[in-house]
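What the coordinates show
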Amino acid sequence: MDTRVHKVAFEDIVEAQARIRSHVFATPLVTSPTLSNICGVAVGLKLEHYQATGSFKLRGATNAILQLSAAGLKKGVIAASTGNHGRALAYAARAAGSRATICMSRLVPENKVAEIRRIGADVRIIGNSHDDAQAEADRLSEQQGLTALPPFDHPHVVAGQGTIGVEIVEAMPSVATIVVPLSGGGLIAGVAAAAKALRPRVKVIGVSMHRGAAMKASLDAGRPVLVEEFVSLADSLGGGIGLDNGVTFFMCRDLLDGVVLLTESEIADGMRHAYAHEREILEGSGAVGIAALLARKIPNLVGPVAVVLSGRNIDMDLHRRVINGERDPFGGDV
Ligand SMILES: *Cc1c(COP(=O)(O)O)cnc(C)c1O
């Protein structure tokens, strides 16, 4: 067995819950009458886009920051990010009296970069892919002695995201299926570890965008593989899982019951449904769970279903265009 492989246990998630409780919002799980009607089973929405930084990533970042030593906090932390982890880490670092350096590629939307700057992080824009940004974060971490707190492949980050799974089971004790946006897999690995510890029969389904679904390609290959990165409505789902992945690949391999892939226009439909029928503003990545239900892409769907709405940090002009009917603003569907 690879000694770098680390799996997060249910106990780690329970400890994370106690650690972060006073720092993050235990978000509500609300029933969606429209989606329940469409799907023919009860559907609840876990409103993680209501976190202070607009995405669930505050949970993992906070759980990681709160375990640093005084010396580690003084030196500061560093990460590569597609935007939402950077914002969460910048926020959690500032709250703990520390400082964050965030490396992002040119693919990260300007609204996300601006918000991270506003929080006071040191922002580095580098390269044309998340992998380029990750290489820069690795280099700076080494050179400046900053603690690397990556967006998904870290046990403290996964344990923090796993607190969502505990809350879902508490709010919906009979939950049969949990639908979760999937990129590097920190969110779904944590949610699945928690939910399956409490409800061993629950099915956990990941949702990614069609082009550049790194975890799906890696699971199919049986090992972490590289994928090309594209501009997408689901910008938070871009980027590789790391060829040296040591946590999330193995947890996803062992815990997931399926992965669904969506086109750009299906993601747009999810955003539009969220706005028109749920009265929720979601970024593309945050809407993929709803989109997967609308596209009827989950075979043999068993209810009750919980869907994680993961983020809302979208440029509002882009959101308006999608709501007004644009289905593929980046030309991703061919
Ligand atoms: C990061 C992110 C995801 C994917 O999370 P992973 O842990 O990388 O799988 C999904 N939605 C939003 C809004 C995100 O910011």
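Residues numbered from 1 in each chain as written. Predicted model: local features only at pLDDT ≥ 70, side-chain atom pairs only at ≥ 80, totals over all residues. Heavy atoms only, no water.

**What about the overall build of the protein chain?**
When helices and strands are tallied, the protein chain shows 14 helices and 10 strands. Scaling as 2.2 N^0.38, a compact globule of 334 residues should have a C-alpha radius of gyration of about 20 Å, and the protein chain matches this with 18 Å. In terms of overall dimensions, the protein chain has C-alpha extents of about 55 × 40 × 40 Å along its principal axes. The buried share of the protein chain, taken over its 334 residues, is 59%. Nonlocal contacts in the protein chain, meaning residues at least 24 apart in sequence, comprise 74% of its contacts between residues at least 6 apart. Per element, the accessible surface of the protein chain, about 13200 Å² overall, is 51% carbon and sulfur. (Helix = DSSP H or I, 4+ residues; strand = E, 2+ residues; numbered from the N terminus. Rg over C-alpha atoms; globule rule 2.2 N^0.38 Å. Buried < 20%, exposed > 50% of the residue type's maximum accessible area, 1.4 Å probe, protein only. Contact = heavy atoms within 4.5 Å. Areas by Shrake-Rupley, 256 points an atom, 1.4 Å probe, with all protein chains shown as cover.)

**Structural notes on helix α9 (residues 186-198)**
Three or four residues apart is the spacing at which side chains of an α-helix point the same way, because the helix has 3.6 residues per turn. Compared with an ideal rise of 1.5 Å per residue, which puts 13 residues at 18 Å, α9 spans 19 Å between its outermost C-alpha atoms and is within 8% of the ideal. With 11 of its 13 residues buried, α9 lies for the most part within the structure. Looking only at α9, the buried set comprises Gly186, Leu187, Ile188, Ala189, Gly190, Val191, Ala192, Ala193, Ala194, Ala195 and Lys196. Residues of α9 that are buried in the fold lie against α1 (10-20), α8 (155-171), β7 (177-181), β8 (203-209), α11 (248-255) and β10 (305-309). (Expected span 1.5 Å × (residues − 1).)

**Describing the nonpolar core**
With 40 residues, the main nonpolar core has Val175, Ile178, Val180 and Met251 as its most contacted residues. Looking at this core, the elements with two or more residues in it are α1, α8, β7, α9, α10 (214-221), α11 and β10. Looking at this core element by element, the count peaks at 8 residues for α9. Cys39, Leu45, Met209 and Ala287 belong to the second largest nonpolar core, which has 33 residues in total. (Core = buried A, V, L, I, M, F, W, Y, C linked by side-chain atoms within 4.5 Å.)

**With respect to the domain arrangement of the protein chain**
Put simply, an interface is often sized by how much accessible area is lost when its parts join up. Annotation of the protein chain at the domain level lists domain 1 (10-55 + 154-323) and domain 2 (58-148). Placing the centre of domain 1 and that of domain 2 at their C-alpha centroids yields a distance of 22 Å. With 35 residues of domain 1 at the contact, the number on the domain 2 side is 21 residues. Note on domain 1 versus domain 2: buried area summed over both sides is about 2400 Å², and carbon and sulfur give 52% of it. Linking domain 1 with domain 2 are 4 salt bridges. Salt-bridge contacts for glutamate 48 lead to arginine 59; the nearest nitrogen and oxygen are separated by 2.5 Å. Put simply, domain 1 and domain 2 have 18 residue pairs in polar contact (both at pLDDT 80 or more) between them. Sorting the residues of the side of domain 1 that touches domain 2 by element identifies α1 and α8 as the ones contributing at least two each. (Domains from an automatic or database assignment. Buried area = accessible area lost by both parts, 1.4 Å probe. Salt bridge = Lys/Arg side-chain N within 4 Å of Asp/Glu carboxyl O. Polar contact = N/O pair within 3.5 Å; in protein donor to acceptor, adjacent residues only side chain to side chain.)

**Re helix α12 (residues 264-278)**
Under the 1.5 Å per step criterion, the end-to-end length of α12 is 20 Å for 15 residues, consistent within 8% with the ideal 21 Å. Those residues of α12 that fall on the buried side of the exposure criterion are Glu264, Ser265, Glu266, Ile267, Ala268, Gly270, Met271, His273, Ala274 and Glu278. Elements in contact with the buried residues of α12: α2 (33-39), β2 (43-47), β8, β9 (258-262), α13 (288-294) and α14 (316-323). Positive phi shows up at arginine 279, right after α12, with a value of about 60 degrees.

**So, the pattern of salt bridges**
Taken as a whole and assessed by the stated rule, the structure comprises 18 salt bridges. As a salt-bridge pair, lysine 216 and aspartate 220 come within 3.2 Å of each other at their nearest N and O atoms. Of this pair, lysine 216 and aspartate 220 both sit in helix α10, 4 residues apart, which is roughly one turn of the helix. Each member of the salt-bridge network shares a partner with another, and the members are Lys46, Glu48, Arg59 and Glu167.

**With respect to the site of the ligand**
Taken together, 16 residues surround the ligand, and among them Lys57, Asn84, Gly185, Leu187 and Ser310 come closest. Between an oxygen atom of the ligand and a main-chain N or O atom of glycine 186, the distance comes to 2.9 Å. A total of 380 Å² of accessible area belongs to the ligand in isolation, and the protein chains cover 98% of it. Here the ligand occupies the largest cavity. For the shell around the ligand, the per-class residue count stands at 5 nonpolar, 9 polar and 2 charged. (Near = heavy atom within 4 Å. 1 Å grid on protein atoms, 1.4 Å probe; cavity = no way out; pocket = protein on both sides within 12 Å on 5 of 7 lines; lining within 4 Å. Sits in = over half its atoms within 2 Å of the grid points. Nonpolar A, V, L, I, M, F, W, Y, C, P; charged D, E, K, R; others polar.)

**Overview of the layout of surface pockets**
There is about 430 Å³ of room inside the largest pocket. Taken together, the elements giving at least two residues each to the lining of the largest pocket come down to β3 (77-80) and α7 (130-144). Broken down by element, the residue count for the lining of the largest pocket peaks at 6 residues, all from α7. Of the residues belonging to the lining of the largest pocket, the class tally is 10 nonpolar, 5 polar and 4 charged. In this model, the second largest pocket occupies a volume close to 320 Å³. At the level of elements, α6 (110-119) and α14 are the ones that each hand at least two residues to the lining of the second largest pocket. For the lining of the second largest pocket, a count of residues per class yields 9 nonpolar, 8 polar and 6 charged. (Points joined across faces, edges and corners; volume = space filled by probe spheres on them.)

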